[in-house]
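If you want the building blocks of each chain, they are given just below.
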Amino acid sequence: MSDLTAKEQENVRAALRYLRVRWEKWENVAKSLDVSQATLTHVMAGATVTASLAFRVARRARATVDDVLTGKFPGICPHCGQTVPAQE
């Protein structure tokens, strides 16, 4: 059981996918978040997303936890559905 809703967990997964593209490999994402690649593999396959992982993603993405949980990070264009890059 997670402290996060199903929608919040999916939003964290979307942020993780964005970070994977930005940092080129899951290995880089895992190192940056200080988690194992196995953990990311399980999470991306549908395992429970912990609040701790959500905080780590927000911290490394330089986004607020609220933005990650609500899906504002990385952001989706309301017109075309494309991911909007986060501002550095």
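Since the model is a prediction, treat every value here as computed from it, not as a measurement. (Residues numbered from 1 in each chain as written. Predicted model: local features only at pLDDT ≥ 70, side-chain atom pairs only at ≥ 80, totals over all residues. Heavy atoms only, no water.)

1. A word on the overall build of the chain
Of the regular secondary structure elements, the chain holds five helices and zero strands. When the helices and strands of the chain are listed from N to C terminus, the series reads α-α-α-α-α. Summarising the internal contacts of the chain: among those between residues at least 6 apart in sequence, 51% fall at separations of at least 24. (Helix = DSSP H or I, 4+ residues; strand = E, 2+ residues; numbered from the N terminus. Contact = heavy atoms within 4.5 Å.)

2. With respect to the packing of helix H1 (residues 6–23) against helix H3 (residues 37–44)
Across the interface, H1 lies against H3 with an axial gap of 10 Å and an inter-helix angle of 125°. The angle between the axes of H1 and H3 places the two elements in the oblique class. For the pair H1 and H3, the crossing hand works out as left-handed. Residue-level contacts link Arg13, Leu16 and Arg17 of H1 to Leu40, Val43 and Met44 of H3. Of the residues assigned to the contact of H1 with H3, the class counts are four nonpolar, no polar and two charged. (Axes fitted to C-alpha atoms, helices over the stretch in contact; angles between N-to-C directions. Parallel < 35°, antiparallel > 145°, perpendicular 65-115°, else oblique. Left-handed = near helix turned anticlockwise from the far one by under 90°. Nonpolar A, V, L, I, M, F, W, Y, C, P; charged D, E, K, R; others polar.)

3. Remarks on the packing of aromatic side chains
Applying the stated criterion to the full structure yields one aromatic pair. Judged by centre distance (5.3 Å) and plane angle (85°), the rings of tyrosine 18 and phenylalanine 73 are edge-to-face. Of this pair, tyrosine 18 sits in helix H1 while phenylalanine 73 sits in the segment after helix H5 (65–70); the two residues are 55 residues apart in sequence, bridging distant segments of the chain. According to the relative accessible area criterion, phenylalanine 73 is buried, its value standing at 5%. (Phe/Tyr/Trp six-rings, centres within 6.5 Å; stacked < 30°, edge-to-face > 60°. Buried < 20%, exposed > 50% of the residue type's maximum accessible area, 1.4 Å probe, protein only.)

4. Thoughts on helix H2 (residues 26–33)
Residues Val29, Ala30 and Leu33 constitute the buried set of H2. Within H2, the buried residues cover an arc of 100° as seen down the axis, which keeps them to one side. The secondary structure elements touched by the buried residues of H2 are H1, H3 and helix H4 (51–61). Count one or two residues on from H2 and you reach aspartate 34, which has phi positive near 60°. (Arc of directions from axis to C-beta.)

5. Some words on the environment of glutamine 37
Mapped onto the secondary structure, glutamine 37 falls in helix H3. We classify glutamine 37 as partly exposed; its relative accessible area is 42%. Separated by ten residues in sequence, glutamine 37 and glutamate 27 have C-alpha atoms that sit 6.2 Å apart. Once residues lying within four places of it in the same chain are set aside, the contact partners of glutamine 37 are Trp26, Glu27 and Ala30.

6. A short note on the pattern of salt bridges
As a working rule, side chains carrying opposite charge can pair if their charged atoms are close by. Across all of its chains, the model carries four salt bridges by this definition. The partner of arginine 17 in a salt bridge is glutamate 10, and the shortest N-O contact between them spans 3.0 Å. We classify arginine 17 as partly exposed; its relative accessible area is 37%. In this structure, glutamate 27 engages lysine 31 in a salt bridge whose closest nitrogen and oxygen atoms are separated by 3.3 Å. With a gap of four residues between them, glutamate 27 and lysine 31 both fall in helix H2, about one helical turn apart. The exposure class assigned to glutamate 27 is partly exposed, which follows from its relative accessible area of 30%. The exposure class of lysine 31 is exposed, given its relative accessible area of 60%. (Salt bridge = Lys/Arg side-chain N within 4 Å of Asp/Glu carboxyl O.)

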